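# Coordinate analysis (summary)
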Amino acid sequence: PYLIYVADTAAVDGKFDPVEKVILEDDRVRLGAKAFHAVRMSPDDAKADPLLADKGGKELPRFIFVTADQKTVKALEGGSLKLGEVWSTMKATSNKHYKQDLDALVKDLKAVLNEFDKLAKELTVLEEKEKRLTDKGLSEADKKDIEAKRADIDARQKKAEAQKDKLWDLKPKADPKALAKA
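A brief report on the enclosed structure follows. (Residues numbered from 1 in each chain as written. Predicted model: local features only at pLDDT ≥ 70, side-chain atom pairs only at ≥ 80, totals over all residues. Heavy atoms only, no water.)

A count of helices and strands for the protein chain gives 9 helices and 4 strands. Written out in order from the N terminus, the α and β elements of the protein chain read β-α-α-α-β-α-α-β-β-α-α-α-α. Over its C-alpha trace the protein chain gives a radius of gyration of 23 Å, far above what one expects of a compact globule, namely 16 Å for 182 residues. Structurally, the protein chain occupies a C-alpha span of about 75 × 45 × 25 Å along its principal axes. Counting the 182 residues in the protein chain, one finds 30% classified as buried. A separation threshold of at least 6 residues defines the contact pool for the protein chain, and within that pool the share at least 24 residues apart is 66%. Carbon and sulfur atoms make up 52% of the accessible area of the protein chain, which totals about 11400 Å². Across the protein chain, the 37 positively charged side chains and the 35 negatively charged ones have centroids separated by 4 Å. (Helix = DSSP H or I, 4+ residues; strand = E, 2+ residues; numbered from the N terminus. Rg over C-alpha atoms; globule rule 2.2 N^0.38 Å. Buried < 20%, exposed > 50% of the residue type's maximum accessible area, 1.4 Å probe, protein only. Contact = heavy atoms within 4.5 Å. Areas by Shrake-Rupley, 256 points an atom, 1.4 Å probe, with all protein chains shown as cover. Lys, Arg positive; Asp, Glu negative; His and termini not counted. Charge placed at Lys NZ, Arg CZ, Asp CG, Glu CD.)

Rendered as structure tokens:
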């Protein structure tokens, strides 16, 4: 599926842009966008595209969602250009193509990202502890304790990486070759 953002970048130059700062910065949208071919287009390019010319909306800025089979095109613009509407359209468009539910995927990814944050903090604390103990004189028991904690952090890091990779292994509902023939 495609996520197309049509905007006139010159019109926003230096001003607060609610689409850029609110919608595109939302965690769900940022993570969910990875399930799409994300494209930024100028209004002229969108107007010249045969698929988008009629169904791709007129107002700026706008998001256009195109299903993988290119049979459904939905534009969000003007009053419908709200975070909730963008997210629900992302879910609907993604869920037509992928076996995985986008909402569940993003929730699971947030949990993995939280685990990465926890691990980074734990590693920082461990390194500070190691430095303090090294300055005082590191005993064998301290070394073993630090090595054990570092091994635990490394194991959890690998587990989180594997979980992240597994989550991003998106599977289409249908064989892509069959979609191309349809």
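Read on, since the account is not over.
Cis geometry marks the peptide bond from Leu60 to Pro61, where omega comes out at -15 degrees. Phi is positive for Gln70, close to 60 degrees, though the residue is something other than glycine. Tracing the backbone through its elements, the reader meets Gln70 in the loop between β3 (62–66) and β4 (73–77). Judged by relative accessible area, which is 41%, Gln70 ranks as partly exposed.

Let's shift gears to the nonpolar core. Counting residues in hydrophobic clusters, the biggest one holds 27 residues, and the most contacted among them are Phe63, Phe65, Val86, Met90 and Leu102. Put simply, the parts of the chain that give this core at least two residues each are β1 (2–6), α2 (18–23), α3 (27–32), β3, α6 (83–97), α7 (102–136) and α8 (140–167). With 6 residues, the single largest contributor to this core is α7. If sequence neighbours within four positions are ignored, Leu102 has contacts with Gly32, Ala35, Phe36, Trp87, Met90, Lys91, Ser94 and Asn95. Ile4, Met41, Ala46 and Ile64 belong to the second-largest nonpolar core, a separate cluster that totals 8 residues. (Core = buried A, V, L, I, M, F, W, Y, C linked by side-chain atoms within 4.5 Å.)

Okay, the pairing of β3 next. Among the 5 residues in β3, 5 count as buried, and that is most of the element. Along β3, one buried face is formed by Arg62, Ile64 and Val66 and the opposite face, lined by Phe63 and Phe65, is buried too. Alignment of β1 against β3, held across 5 bridges, turns out to be antiparallel. Pairing of Val6 across the sheet is with Arg62, part of β3. In textbook terms, the turn of a hairpin is the stretch between consecutive antiparallel strands, and for β3 and β4 this stretch comprises 6 residues, one of which, Gln70, has a positive phi near 60 degrees. (Pairing = 2+ DSSP bridges.)

Another point: the pattern of salt bridges. Following the criterion strictly, the structure yields 16 salt bridges and no others. Note that Asp103 is salt-bridged to Lys107, the shortest N-O span being 3.6 Å. Here Asp103 pairs with Lys107, and both are found in helix α7, just 4 residues apart, close to one helical turn. Lys131 is the salt-bridge partner of Asp135, the closest N and O atoms lying 3.7 Å from each other. Taken together, the residues span about one helical turn, with Asp135 and Lys131 both in helix α7 at a distance of 4 residues. Grouping residues by exposure puts Asp135 and Lys131 together as exposed. (Salt bridge = Lys/Arg side-chain N within 4 Å of Asp/Glu carboxyl O.)

By themselves, these are just geometric observations and shouldn't be taken as functional.
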